[in-house]
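One-letter residues, chain by chain:
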Amino acid sequence: MPEKEPGTRRFVVLGEMLELGEEGPKAHWELGQETGEHGIDFVIAVGQELAKQTALGAAHAGVDAAIVADNETATTMLNSMLQPGDVVLIKGSRGGMRWQIAQALTGQQITGIL
């Protein structure tokens, strides 16, 4: 499949939702599935086992997906893939500090929890 024009690709970075208990794996898989329904082109799932479920759900929906362990790896991956005009949505719990990815991508100082 040919590469989309710059500005038309949608990336999403999703952290784990640790507070879901037994429903966690299913909820993460369903979240991944929903990325396909919303026209996402690439999912980066950050974390461990629950992130794996997100990526598997996305892949099942036909969305390219990757699992990475941390924010630094997610940032490196995005930096290697992004083209001018691409859109990135970053979502995660406060504890995961996913805002650090946005800070790094926009050249800001990286901060921790305040």
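As the structure is a computational prediction, the values presented were derived from the model and not from experiment.

The secondary structure content of the protein amounts to 4 helices and 4 strands. Put simply, the protein runs from its N terminus to its C terminus through helices and strands in the order β-α-β-α-β-α-β-α. For the protein, whose C-alpha radius of gyration is 14 Å, the value lies close to the compact-globule estimate of 13 Å for 114 residues. Projected onto its principal axes, the C-alpha coordinates of the protein cover approximately 40 × 40 × 20 Å.

As summarised here, the arrangement of the 4 strands in space is S3-S2-S1-S4, forming an open sheet in which the pairing is parallel. At either end of the open sheet lies a strand with only one pairing partner, and these are strand S3 (64-68) and strand S4 (87-91). Across this sheet, the average inter-strand angle for adjacent strands is 15°, counted without regard to direction. Relative to strand S2 (residues 42-46), helix H3 (residues 71-81) is tilted by about 165°, and along the sheet it contacts strand S1 (10-14), S2, S3 and S4.

Here we come to the packing of helix H1 (residues 24-37) against helix H2 (residues 49-60). Contact geometry for H1 and H2: axes closest at 6 Å, N-to-C directions at 35°. Where H1 crosses over H2, the two elements pack in a sense that is right-handed. Between H1, through Gly 24, Pro 25, His 28, Trp 29, Gly 32, Gln 33 and Thr 35, and H2, the contact on the second element is made entirely by Leu 50, Gln 53, Thr 54, Leu 56, Gly 57, Ala 58 and His 60. Among the residues forming the contact of H1 with H2, the class breakdown is 5 nonpolar, 9 polar and no charged.

Attention shifts here to unusual backbone geometry. A positive phi is found at Met 97, a non-glycine position, where the angle reads about 50°. Mapped onto the secondary structure, Met 97 falls in the loop between S4 and helix H4 (99-105).

Structurally, Ala 65 is set in strand S3. Given a relative accessible area of 31%, Ala 65 falls into the partly exposed group. Spatially, the C-alpha atoms of Ala 65 and Val 13 are 9.8 Å apart, while their sequence positions differ by 52 residues. Beyond its immediate chain neighbours, meaning those up to four positions away, Ala 65 contacts Phe 42, Val 43, Ala 55 and Ala 58.

This brings us to the pattern of salt bridges. As enumerated under the stated definition, the model contains 2 salt bridges in all. Asp 86 serves as the salt-bridge partner of Arg 9, at 2.5 Å between the closest nitrogen and oxygen. Of this pair, Arg 9 sits in the segment before S1 while Asp 86 sits in the loop between H3 and S4, placing them 77 residues apart in sequence. Residue Lys 26 pairs with Glu 30 through a salt bridge whose shortest N-O separation is 3.8 Å. Pair noted here: Lys 26 and Glu 30 are both in helix H1, with a separation of 4 residues, about one helical turn.

Definitions and cut-offs
- Residues numbered from 1 in each chain as written.
- Predicted model: local features only at pLDDT ≥ 70, side-chain atom pairs only at ≥ 80, totals over all residues.
- Heavy atoms only, no water.
- Helix = DSSP H or I, 4+ residues; strand = E, 2+ residues; numbered from the N terminus.
- Rg over C-alpha atoms; globule rule 2.2 N^0.38 Å.
- Pairing = 2+ DSSP bridges.
- Axes fitted to C-alpha atoms, helices over the stretch in contact; angles between N-to-C directions.
- Contact = heavy atoms within 4.5 Å.
- Left-handed = near helix turned anticlockwise from the far one by under 90°.
- Nonpolar A, V, L, I, M, F, W, Y, C, P; charged D, E, K, R; others polar.
- Buried < 20%, exposed > 50% of the residue type's maximum accessible area, 1.4 Å probe, protein only.
- Salt bridge = Lys/Arg side-chain N within 4 Å of Asp/Glu carboxyl O.

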